[in-house]
Amino acid sequence: MDDAAYKRLFSRPGMVRDLLRGFAARDWSGTLDFDSLTPLPASYVSRDLRQRHGDLVWRVRFGGERWLYLVLLLEFQSGVDRAMAVRMLTYSGLLYQRLVAEGVLREHGELPPVLPVVIYNGRSPWTAPADVSELIAAGGPALSRYQPSQQYFLLDEGRVDGGSLPAGNLVSSLIALETNRDRSRFPALWDTLMELLEAQDDQELKDAFRAWAAQVLYPRRLRGVASAPLPSLEEVRTMLAETVQEWTEQWVEEGRAQGIEQGRAQGIEQGHAKGIEQGRAEGRAEERALLRRLAARKFDAAAGERLAAALAGVTDPDHLAQVGEWIIECGTATELFARLAEASRRGN
């Protein structure tokens with residue numbers, strides 16, 4: 001199920017273009033004619049080779065009239081495949097065999113280059129050798145020249161620095177959603193993806209992301225949330241926002257209850273009424289601390305500190321709850337503090 005969802009995503013030219021532009025060919029993507037991106041049928045490499053769900057072949061014009069062949073393997077469900085370099089070498093050899101049979105070598109005098117790419121999103125780091133030569137035992141100087149050597153490009157999602165993800169890139173959005181551990185950020189990350197999809201004008205790609213959200217994102221990153229087929233991308237956004245708001249309200253209520261309970265425990269020694277009041281005060285302090293953390297996670301640390309200062313004297317639980325909703329709704333820290341300022345002018 002998961003492999004099929006990813007294959008559907010990378011069967012769209014927009015995803016492959018952004019994979020090359022932002023990652024596999026980041027430094028030389030200017031030499032590629034992305035308008036020429038063409039998918040090849042699974043049987044193109046070999047009718048006898050068993051094709052898995054995650055194996056794809058594309059070609060793109062490279063440096064003028066030449067073709068570059070992209071062999072794309074998706075490792076999303078299984079663990080690290082130590083023999084991946086051998087499999088890539090086999091795919092490349094079968095691809096070249098097919099091109100020779102089609103007369104490419106006879107017509108042009110040379111074969112086109114191949115770019116092998118592995119995309120992996122497993123929890124543990126990818127540890128398999130990237131070059132097939134590393135899997136072959138040393139045979140000494142007499143044999144070394146006869147041994148094959150081919151390296152593949154590895155995109156290990158879990159080890160990509162989030163700060164280095166190229167902006168305006170569909171694969172970057174996929175990785176950000178795949179690796180995000182801060183649930184409060186999901187609505188904003190999904191908004192970014194939706195903006196990119198709107199610019200694509202590719203309904204198949206939109207449907208692919210919708211299916212991926214239902215089949216992969218919800219089960220893996222949002223456990224406990226229904227993952228039934230979703231009718232639209234906007235519905236995904238609504239469900240994410242509602243889910244995060246439910247979590248926020250739950251956390252605030254838990255913090256309030258914890259503070260009251262602590263106050264009650266102390267009230268046994270200090271007086272029941274005084275203990276309850278202290279519990280309420282501590283509960284409000286917990287709410288303010290939680291709101292600071294939420295703002296820092298969604299925006300940045302500076303926004304969290306600024307919000308803590310703004311709420312330092314706030315004791316109204318309804319107002320604190322309102323601020324929690326604003327954090328979820330606002331797309332930027334500027335918008336959040338504008339609402340706070342407006343509420344202050346109104347005396348709320």
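What counts and what doesn't
Residues numbered from 1 in each chain as written. Predicted model: local features only at pLDDT ≥ 70, side-chain atom pairs only at ≥ 80, totals over all residues. Heavy atoms only, no water. Patch = residues over 30% accessible without salt bridge, like charges linked within 9 Å, V, L, I, M, F, W, Y side chains within 5 Å. Areas by Shrake-Rupley, 256 points an atom, 1.4 Å probe, with all protein chains shown as cover. Salt bridge = Lys/Arg side-chain N within 4 Å of Asp/Glu carboxyl O. Buried < 20%, exposed > 50% of the residue type's maximum accessible area, 1.4 Å probe, protein only. Phe/Tyr/Trp six-rings, centres within 6.5 Å; stacked < 30°, edge-to-face > 60°. Lys NZ or Arg CZ within 6 Å of the ring centre and 35° of its normal. Helix = DSSP H or I, 4+ residues; strand = E, 2+ residues; numbered from the N terminus. 1 Å grid on protein atoms, 1.4 Å probe; cavity = no way out; pocket = protein on both sides within 12 Å on 5 of 7 lines; lining within 4 Å. Points joined across faces, edges and corners; volume = space filled by probe spheres on them. Nonpolar A, V, L, I, M, F, W, Y, C, P; charged D, E, K, R; others polar.

Chemist: I would appreciate a short explanation of a nonpolar patch on the surface in the present structure.
Modeler: A surface patch of nonpolar side chains, about 200 Å² in accessible area, is lined by Val100, Leu105 and Leu111. Classification of Val100 by relative accessible area gives partly exposed; the value is 37%.

Chemist: Explanation requested: the packing of aromatic side chains in the structure shown.
Modeler: What characterises a pair of aromatic rings is the spacing of the ring centres plus the angle enclosed by the ring planes. Using the criterion set out here, one finds 3 aromatic pairs in the structure. Over the face of the ring belonging to Phe34 we find Arg21, whose NZ or CZ atom lies 4.9 Å from the ring centre. The ring of Phe337 is capped by Arg306, whose NZ or CZ atom sits 3.9 Å from the centre of that ring.

Chemist: Even after reading the chapter, I still don't get unusual backbone geometry, so can you show me in this structure?
Modeler: Among all residues save glycine, negative phi is the norm, and among peptide bonds the norm is trans. The phi dihedral of Asp201 is positive, around 55 degrees, even though this residue is not glycine. Among the structural elements, Asp201 can be located in the loop between helix H7 (186-200) and helix H8 (203-221).

Chemist: Can you help me understand the layout of surface pockets in this one?
Modeler: To locate leftover empty space, one rolls a probe as large as a water molecule over the atoms. Its boundaries defined by the atoms lining it, the largest pocket holds a volume of some 350 Å³. Lining the largest pocket are 17 residues, with Ser173, Ala176, Arg185, Leu189 and Thr192 sitting closest to its centre. Elements represented by at least two residues in the lining of the largest pocket include exactly helix H6 (170-179) and H7. Split by residue class, the lining of the largest pocket holds 7 nonpolar, 8 polar and 2 charged.

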